Each structure stands twice: as C-alpha cells, then as structure tokens.
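Tertiary structure, described
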Amino acid sequence: MWLIARRSFTGGWKQLTATLLAATFAIGLIAGSLQFTFRAQEAVAGTDASEYARADVLVLGGTTDPGDIYAVPDGQVPLDRVAGRPGVAAVAGDATVPVTATGADGKIILPPAGASTMLRPWTPDHRLNPYRLEDGRAPAADGEVAVTRHVARAGKLGVGDSMRTTLPKQTRPMKIVGIVTVQGRSAVASGDLLLAPPETVRRAAELPPGTWQGVWVKAAPGVTAAELRADLARDLRGEDVTVRTAAGVRDAQSATLDSAGVSVGGSLGMLASLAVFVGLFVVANTFGMLVRQRTRRLALLSAIGATPRQIKRLIRLEALALGIVASLGGVLVGYPVSGLLTNLFAKDGFDISVADADFGWIALTAPALAGILVTQLAAWRAARRASRIAPMQALRAASTDSAGRRWPRIIGALAVLGLAGMFYGLVFAIRSEEPPGMERTVGVCIMILMGSMTAVSGLAVLAPFFVGPLGGLVGRIGTAVSGEAGRLARATITRSPRRVSSAASSLMLGVALVSATALLVLSVNARFDEAGKEVMLAEHAIAATEKTSSGQAPLPRDTVAKAAAAPGVSRAMALTGTGVRLVDPPPKRPSPEEPAEPVFLDVTGADPAALPSVLDLGGSLRPLRPGEIGVASTVMKANKLKKGQRIVVRGVRGKVALTVAGAYHDPSHLFAEQALVSAVTMERLDPGAGTQAVLVRGGTKDALTRAVADVPGAQVLDESGYIKTAAKAMTNGIRVIYGFIGMALVLALFGMATTVSMSVSERTREFGLLGAVGATAAQIRSVVRWEAATVVLLGTLLGLGTALGTGFLMHVGTGSSFLAPSPPWWLFALVITGAAAVTLATSALPARRAADVPVLEAAKAE
C-alpha cells in the first residue's frame, strides 16, 4: 500500500501541490488565529506584576468595592495616622490619577491588554519601592516622570524625551527621566504607570496636604503581615479606612487577570472557530476533488483485489502526509497572520504587544496538531466514498459522476441543518436568562452566526441537487448565445454535479461572509447616522478620534472653556462619563444557590442648562438638579426602577444617594445610553471623569480648531463626523473581525480557484477528444466559462440567501433596530458582479489550458 501511495504522490503531484497549498493557507489561518488567541490571553493574564510587591499591608481610605479590585479608594488617609505605630517599619502615600499619554508620533499610547494608564507617586523608600530603574533616574522635580517600559516602547520614547499627558482637568508636558520595570515585567496588572514625585501626584488627585488615597506599609522585622493588619485594623477602628494585606490584593489581582484572560480567550476562540470552519471547509472540498479525480484508479485497485479498508488507509495515509507538510508550513504562515491581527486589535484600542509572539511547544504543536486533525477530518468522507467505488467504474470516464445517492445525502444534510437548528434554539435560552442589553445582543448574535456556519455546511451537502436545474437554465442561455458550445456546457454541467457544486460551495462561503458582514455594517451605520442626527442639535463636536480600550480617548476638562471662548460660539457643553455600581436596590439573585450579578451603569454628565440646546433626548425628562439622576427607559424596566425612587450607587468617591427624576431615551446610544446626571452630581460621583466630547452651537470649524490647537488629539467634527467617531468607539474589536473575515474570504476564494483548476485538469481526456472531433479552442473556452457561470449563479444565490437569513434572524432574535436587514439594491449588484469577476478570473487560465490540450496527451490521460 505504501508503494501505491508513493506512486499516487509522484503521478498526481500537480493536483497534490494545489491541495497542499490550499491546506497550508487554511492551516496558516487556523494557526494564526490560535497564536493570536494565545498571545491575547497571555497579554491579559500575564501582566501580573504588582506595584504592591514589597508592601505588607495597605491602609485604604474609605471602603473598597468588592466588585472592582482596581477601584480608586473613596476616602482619604492621613499619612501620620499610620506612620510610627508599633510594628510599622516604613510607610508611603499612594494615589492614582487617570492619565492619557502621547507618544513621539503624537498618537495615544495604549495601555496593555485593555488596562489603564495611571499617574502614581514614586516611592522613595527602597523598602517599599517595587520599581527597578532600567535606564535614567528617579523623578525629583515637578514635571518629571519615570515610566514603565511598555510606555517607552509603545510610544518610541526614551530618557530625556518630553511627553504630552492629558489629565482629567488639563494637559501638561512631562519629561521622562527614567524607565522602570516591575518584577521583571514591562507593565503591572492595572496597566501602565507614570511615576511622578509624590507632591505632584497629590496635587493632581486634589488631596489635602499630608493626605493620601491609601498608604503602603512595611512590617517591622518579626511582625507578620497578618498580625500587622489586625493591629492596624484595631487601632484605626472607627476611622473611615479599610485595612488589607498586600498579598491578598495581589492574589485578587491575579484572579481577576486569570478570569479576564479566560474571557478574552473565549471571545477570540469564537472568532478562531470561524478560521477552523473555513479551513476545514476548503480542505474538505479540495481533497474531495482530488479523490474524485482518481475514481478510475481506485476502481482498478478494487478490481485487482484491494479491500475497502486498504483504500481507506491509502486515502488517510495521503491525508496524513499532506497534513504534516501543510501543518509545518501553516505554522510558519500563522505568525504573520497573528501579527496582522495584533496590529488590527491595537487600532481598536486593545494592545497585546506586551506579550511577545509565543514560540513555545504548545504554540507550535497545537496549530500543527489542529492542522493534521483538519486534514484527517476532511479526508474521512473522501476515504469513505472511495472505499465504496465499484470495479465497474474503472470503465467510465473520470469526469462523469452524479449527485450521489439521493436519500443518504438528504439525510446527512438534514442532520447538519438540525445541528444548526440547535444553535438557533439556544437563542431562546439566552433571551430568557439575560436582561436586555449588549451582553444579550452579543450572545444571540454569536449563536445565530454559529448556526449559520453550520447551515452553510448543510447547503453545501445539498448543492449537487441544485446543479441540474441551474445548469439547464445556464445551458439554455448558453445555447442561445454560443450555440453548440452552450449545449456542450449544459451536458458537462448536468453530467458532473458534484464537481460544479464543489466550486460553488467555496464561492457560497465567500459570498455569505462578505454579504452578511456588509448587511450588518450597513444596517448598524445607517441606524447610527439616522438616530444620531435625530438627537444631536449641535453643529460641531470636539472629540479625540483615537480609541482606547474603554472607547473614545478622553479630553481634558478645560477643553469646554477653550471652545466657549471661540468667536461666534453660543453654547458649549462637555459630555463626561464614568461607571457606577447600583447598590440599592440590590440586584436580584437568579436562584438561592447563585450569587447576584452586580449591576453597572454608564453615567453621562452634562450641564442641564445647556443640554436642551445641543441634544434632543426622547422622553419628558426635566432639567436635572443636583442629587438627581435620569435613567434610560430600558434600564428602568430591566431594574424595576420608578420615578421618584431613592437609589444608592457606588462611584469613585464611594456611595452616593440619588433620586430618580424620570426616564428618557437616547435612540442613538451615542450620547447618554444608560443614565444622565448634572455636572454637579458628576463631581460627587467622579471628580476625574473623562470628557468624552464637547458639543458646540455656533462658531466656525476654523475658529474652534484654533481654540483647541494645544489639546492633544482633539479634532473639530461636524454632525456626521462625530456620529461616525462615536459609533466606532462603541465597536471595539471590529477591525479584528474584519481581519478574520477578510482572510477567510481570501482562503475561500483560493479554495474555489484550486477546485476550478483541478476540475479542468481532471478533464484532460475530455477536452482533448473534443478538440479531436472538431471543437475549436474558442468553443472549449466557452464551455469552461458557461460552467463558471453556473458556479456564480449557484454560489451567489446560496450565499446571498444565507446572508439575508442570518441578518433576518439577528434582527428577530435581538429585537434591535440596529440589525434590521434592509440592503440597498446596489449591494446585490456589487456582490453578483464581484462573484462573477472572481469566478471568471479564476477560470480564465484553466480555460486557456483546456483549449490547448493536445490529442495525444488526452489519449494518455487517465
């Protein structure tokens, strides 16, 4: 059997090479997706260095939020209340201020893996200082900072360089005097750090002299951290502080990172499943075509005594050899694929470059084993079919086949479609368990996408049944246009439905990917534009067009004053934003055994006097007074809140009691999606809340541009421009999805081109004999083109049908007006034209090759 396999390799090296290339690219996409997922997970879970590495106990002002380990303490601690107590060897004040750093190229430096960038005090006491200077010196004067190594690398900055930083209320330059690492890592668990002299940070945090958000404590020799924590908790009883061991905080940080890593890995794993599906689909198609080309040879093997088991082993052996070679090449191809996805992810505000490309044995062997498994799965059906080839088929032409046995194919397709129905059925479970919101929408969409991918496989199984009717239609048109060539094309199409359906299935997958993505993007963008223009009354908006992991990059608070001073401006209002947790009423537990999920709200702050002139929010919410909150109607319903109800939320400054003033509605979800408060109330919730945008009535673009010229990243946008910018900020990760779909599309089209080329080469005898009986080269090329037209018709109809069905199910399943499939007419024309152009382009070379087949070569062909 090994000798037979070796002869098959040497005799059909051209076909095997085409299949090998398709498999290599397919496995490259799989490997790149897996490597990208590993890298993102490592970037999230691997940055577990802690600034508390040398501290033993932390005394935090106020109370801490158990739901957020990185929450800023909501109280204050006088340093002298902790220093000098028994068992205390050293203390250091601590405070954090959110900051946005700008690199040498003027672009925002993204913190690693969706974390944050904080301004913190340099710790002068070496007993508590966890920072290792890799270059330069410690900051000593106001305006000097030492930065973590990730900041320097990502911003292309070095010691002595000046860096523009955006604090919550102002922009100021900082001089880099040192570059540090923490426990050998380039960043800490909370993200990037800018380390300034303690007094600089205390003033930026607006703390009284001698007072800090927290105090780091080093235990005296012979005193354990647990003992010191208990002593300090007893001594400070009655004061508004929380005492924790530093080890407990570090463990909580590690647990949070591990959980986030699993979450990110799972989300990206769902995208990677698209790569696995497309890879399996393409390899199965091309390998199945390769086996069908050798029908006569396999039938002859059966005729001379080869058992079905031996033929299966032959096919699997070929698949194993092909899988090993393709896996080795695919693993190498995977690294540039992973690099491309990493760059796309960074452009969406999620930088994972803090984790280097993984060359460990898991990163190398997992994609290789996945590639071998994919080729074996692809070969399973081909081997099963090959083992059933009857010896009498050795007397038939290799290019003649049928749609296969009808009922087994129908039963198999129904089983696959039934699996797709199971995914669709999970939509009802998600809708019943999850409250309305983004999480439910995303979960529903994922299940529908999984069901649609499975449905594509079922349609591919049924595709040969559609070839006959469509081939007959194309043949009639071809006969009317090309005469005898059209009649010949009709005969070849209807005689070999599986060959035509193989190419059409790859095209169907490509059309479905492109059309579904286009429908989704067009629907979302159209709704954002329509609803955004209904809400936004301001003529201009000042915003940063760059993105961070949390959305739009913030502007300093003084931007609104600069805009208001511009000539011709009648109104200028800042939109600020922060996140709070709903404390009272407490969230309901889904069951007595399960803990309640915390309810978080995105709160927008605005000037009540200026709001009606720049935004037109739905509902009848009156101007908000201090201590009041307006709640979006969907949030009111989901949490069973009522007008006039007293609620308690936890913000940066701790618990704040608010009165629900009423409900409103922001149909665009761009300005005040969940909750709205006055600027005075926002100060109570979060004094350092970032400014998302400044909405302006009056003035000109040139005048406003001059007014904010010194604000890093600020741009003056018109109505449409700001709506697009704000919408992009809400769709983090969309570029990565486009990257996955784009590469999957290229792979699907490559698979189609390979299948078309192999289908022509398998008919060498047929085309040569046509030439021998008088068919001209033009007629033979016309036969191939009309067959390609059938591929276009079948693939486009099935692909567009799948895309429209997916869009309709998403709209019904989510109930979102943003997912209403109403495609413009030009989309169909564009997809059909693109599919026809790609198919004709991929069939042009095979058509010329078919017309040039000599009669003697045809006589020698299998």
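A few points on the structure.

Thresholds, definitions, all that
Residues numbered from 1 in each chain as written. Predicted model: local features only at pLDDT ≥ 70, side-chain atom pairs only at ≥ 80, totals over all residues. Heavy atoms only, no water. Pairing = 2+ DSSP bridges. Helix = DSSP H or I, 4+ residues; strand = E, 2+ residues; numbered from the N terminus. Patch = residues over 30% accessible without salt bridge, like charges linked within 9 Å, V, L, I, M, F, W, Y side chains within 5 Å. Areas by Shrake-Rupley, 256 points an atom, 1.4 Å probe, with all protein chains shown as cover. Salt bridge = Lys/Arg side-chain N within 4 Å of Asp/Glu carboxyl O. Buried < 20%, exposed > 50% of the residue type's maximum accessible area, 1.4 Å probe, protein only. Axes fitted to C-alpha atoms, helices over the stretch in contact; angles between N-to-C directions.

Concerning the pairing of strand S9 (residues 162-166)
- Bridge count between strand S5 (residues 100-101) and S9: two bridges; the pairing is antiparallel. Counterpart to Ala101 in the pairing with S9 is Thr165.
- Where S9 meets strand S10 (residues 171-182), five bridges bridge the pair, whose relative direction is antiparallel. What sits directly across from Thr165, in S10, is Arg172.
- Between the antiparallel neighbours S9 and S10 lie four residues.

A look at a nonpolar patch on the surface
- Together, Leu522, Trp825, Trp826 and Leu830 make up an exposed nonpolar region whose accessible area comes to about 480 Å².
- Looking at which element gives the most residues to the nonpolar patch, the answer is helix H23 (residues 825-851), with three residues.
- Mapped onto the elements of the fold, Leu522 is located in helix H13 (residues 497-535).

With respect to the pattern of salt bridges
- On inspection of all chains with the given rule, the structure shows 21 salt bridges.
- The partner of Glu239 in a salt bridge is Arg81, and the shortest N-O contact between them spans 2.0 Å. One end of the pair, Glu239, is in the loop between helix H5 (225-235) and strand S14 (241-245); the other, Arg81, is in the loop between strand S2 (77-78) and strand S3 (88-94), with 158 residues separating them in the sequence.
- Taking the relative accessible area as the measure of exposure, Glu239 reaches 30% and is therefore partly exposed.
- On the accessibility criterion, Arg81 (32% relative accessible area) is partly exposed.
- A salt bridge links Asp142 to Arg203; the nearest nitrogen and oxygen atoms lie 3.9 Å apart. Taken as a pair, Asp142 in the loop between strand S7 (131-136) and strand S8 (144-148) and Arg203 in helix H4 (residues 198-204) lie far apart in primary sequence, 61 residues in all.
- One network of salt bridges, with partners in common, ties together Arg85, Asp231, Arg234 and Asp235.

With respect to unusual backbone geometry
- Looking along the chain, the bond that leaves Asp584 and enters Pro585 is cis, with omega of 10 degrees.
- Positionally, Pro585 belongs in the loop between strand S18 (569-584) and strand S19 (599-606).
- Its identity as a non-glycine residue notwithstanding, Lys156 has a phi of 55 degrees, on the positive side.
- Summarising the element assignment, Lys156 is placed in the loop between helix H3 (149-155) and S9.
- When its relative accessible area of 64% is taken as the criterion, Lys156 is described as exposed.
- Positioned with a positive phi, His669 is a non-glycine residue whose angle comes to about 60 degrees.
- Structurally, the position occupied by His669 is in the loop between strand S23 (654-665) and strand S24 (675-678).

Describing the sheet that holds strand S13 (residues 214-219)
- Spatially, four strands are ordered S3-S13-S1-S14 in an open sheet, and the strand pairing comes out antiparallel. Either end of the sheet is taken by a strand with one partner, and the two such strands are S3 and S14. Put simply, the sheet's adjacent strands are angled 20 degrees from each other on average, direction ignored.
- Two elements, strand S1 (residues 57-61) and S14, share five bridges in a ladder whose sense is antiparallel. The partner of Gly61 across the bridge, within S14, is Val241.

Fair warning: the whole summary comes from geometry, so function is off the table for now.
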